[in-house]
Amino acid sequence: MKSKGLIIALAVVGGIILLGIMTIMWGVRTYNGLVALDESVNGAWSQVQNQYQRRFDLIPNLVETVKGYATHEKETLENVTNARAKVGQMVISPEVLKNPQSFQMFEKAQGELSSALTRLMAVSENYPNLKANENFLQLQAQLEGTENRIAVERKRFNEVVQLYNTRIKTIPTSLIAGFGGFAARPYFQAQAGAESAPKVKF
């Protein structure tokens with residue numbers, strides 16, 4: 001009788017230990033999965049930044065080329081230069097993703113730069129010699145290509161963020177996410193008024 005009770009007690013203790021080990025293994029696997037997703041978000045973010053940097057680097061050459069032909073467009077050229085300077089002053093790191101206000105400021109500055117560049121490209125329509133300039137045409141093609149890459153990378157970023165945000169909000173993973181300090185990340189949003197074509201005034 002005693003041996004039967006001892007076997008049952010050992011089986012219960014063994015079951016509790018096994019359950020504890022399985023729970024710890026699940027917790028470690030879940031935590032490591034969240035770390036991997038977090039790194040995916042950071043990787044997607046760095047690809048977005050690479051494309052914004054590429055655009056940032058193209059702008060001075062574009063402005064100088066336009067300046068040679070469109071001397072009367074001083075305000076447009078200054079707007080592009082100022083918007084670029086504003087973007088250049090921002091310190092951008094993966095920490096921006098953890099601060100919605102910083103992320104919004106980043107998005108707003110990039111949106112202002114996009115608007116200024118759109119106006120600058122529209123100005124070229126008034127200058128046939130500028131539109132025929134080979135250097136300008138190459139810069140324009142590079143800029144258009146960069147804008148497309150930015151759109152693609154932002155889309156990829158949003159997809160990775162959606163996967164990450166969904167994972168940290170679902171039960172029981174949310175328990176590990178809360179314990180590990182994993183917080184939701186912001187998405188790139190369309191700028192206000194993006195559905196309307198920009199108005200260009202000369």
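Up top is the structure.
Visitor: Sorry, what's going on with the packing of aromatic side chains here?
Guide: Centre-to-centre distance and the angle between the planes together describe a pair of aromatic rings. By the definition in use, this model includes ten aromatic pairs. Summarising the aromatic geometry, the rings of Tyr31 and Phe182 are spaced 5.5 Å apart at their centres and angled 65 degrees between planes, so their arrangement reads as edge-to-face. Of this pair, Tyr31 sits in helix α1 (residues 2-69) while Phe182 sits in the segment after α6 (173-180); the two residues are 151 residues apart in sequence, bridging distant segments of the chain. Taking relative accessible area as the criterion, Phe182 reaches 12% and is therefore assigned buried. Measuring from ring centre to ring centre gives 5.8 Å for Trp45 and Phe157, while their planes differ by 55 degrees; the resulting arrangement is tilted. Linking Trp45 in helix α1 with Phe157 in helix α5 (residues 134-169), this pair joins segments that are 112 residues apart in sequence. An identical accessibility class is assigned to Trp45 and Phe157; each is buried. Here a set of aromatic residues connected by ring pairs shows up, and it is made of Trp45, Tyr52, Phe103, Phe106, Phe157 and Phe188.

Visitor: Before we go on, may I ask you to explain the layout of surface pockets in this structure?
Guide: A water-sized probe rolled over the atoms picks out the places where empty space is left. Considering only enclosed or pocket space, the second largest pocket measures out at about 200 Å³ in volume. Taken together, Gln49, Tyr52, Gln53, Phe56, Val87, Gly88, Met90, Ile92, Phe106, Gln110 and Leu113 make up the lining of the second largest pocket. Listed by contribution, the elements that provide at least two residues to the lining of the second largest pocket are α1, α2 (74-89) and α3 (100-123).

Visitor: What is the right way to look at α5 in this model?
Guide: For an α-helix, 3.6 residues make a turn, and residues three or four places apart therefore share a direction. For α5, spanning 36 residues, the distance from its first C-alpha to its last is 52 Å, which sits close to the expected 52 Å at 1.5 Å a residue. Two or three places before Asn135, at the opening of α5, Asn133 has a side-chain oxygen 2.8 Å from that residue's backbone nitrogen.

Visitor: Which parts of the structure should I look at to understand the environment of Ile59?
Guide: Counting through the fold element by element, Ile59 comes out in helix α1. Residue classification places Ile59 among the buried positions, given a relative accessible area of 1%. Taking C-alpha positions, Ile59 is 16 Å from Asn133, a pair spaced 74 residues apart along the chain. Ignoring any residue separated from it by four or fewer positions in sequence, one finds Ile59 in contact with Val80, Arg84, Leu113 and Leu117.

Visitor: Honestly, the environment of Ile16 in this entry has me stumped. Any pointers?
Guide: Topologically, Ile16 is positioned in helix α1. Exposure remark for Ile16: the relative accessible area of 56% places this residue in the exposed category. Note: C-alpha distance between Ile16 and Asn133 (117 residues apart in sequence) is 77 Å.

Visitor: For this particular structure, what's the right way to read the pattern of salt bridges?
Guide: Close approach of charged atoms lets side chains of opposite charge pair. Tallied over the full model, the rule gives nine salt bridges. Salt-bridge contacts for Glu112 lead to Lys86; the nearest nitrogen and oxygen are separated by 3.0 Å. With Glu112 in helix α3 and Lys86 in helix α2, this pair connects stretches of sequence that are 26 residues apart. We classify Glu112 as partly exposed; its relative accessible area is 30%.

Visitor: Hey, could you run me through unusual backbone geometry in this one?
Guide: Negative phi is the rule for most residues except glycine; trans is the rule for most peptide bonds. The omega torsion across Ile171 and Pro172 is 5 degrees, close enough to zero to call that bond cis. Along the chain, Pro172 turns up in the loop between α5 and α6.

Cut-offs used in this document
Residues numbered from 1 in each chain as written. Predicted model: local features only at pLDDT ≥ 70, side-chain atom pairs only at ≥ 80, totals over all residues. Heavy atoms only, no water. Phe/Tyr/Trp six-rings, centres within 6.5 Å; stacked < 30°, edge-to-face > 60°. Helix = DSSP H or I, 4+ residues; strand = E, 2+ residues; numbered from the N terminus. Buried < 20%, exposed > 50% of the residue type's maximum accessible area, 1.4 Å probe, protein only. 1 Å grid on protein atoms, 1.4 Å probe; cavity = no way out; pocket = protein on both sides within 12 Å on 5 of 7 lines; lining within 4 Å. Points joined across faces, edges and corners; volume = space filled by probe spheres on them. Expected span 1.5 Å × (residues − 1). Polar contact = N/O pair within 3.5 Å; in protein donor to acceptor, adjacent residues only side chain to side chain. Contact = heavy atoms within 4.5 Å. Salt bridge = Lys/Arg side-chain N within 4 Å of Asp/Glu carboxyl O.

The values reported here are purely geometric and, on their own, carry no functional implication.
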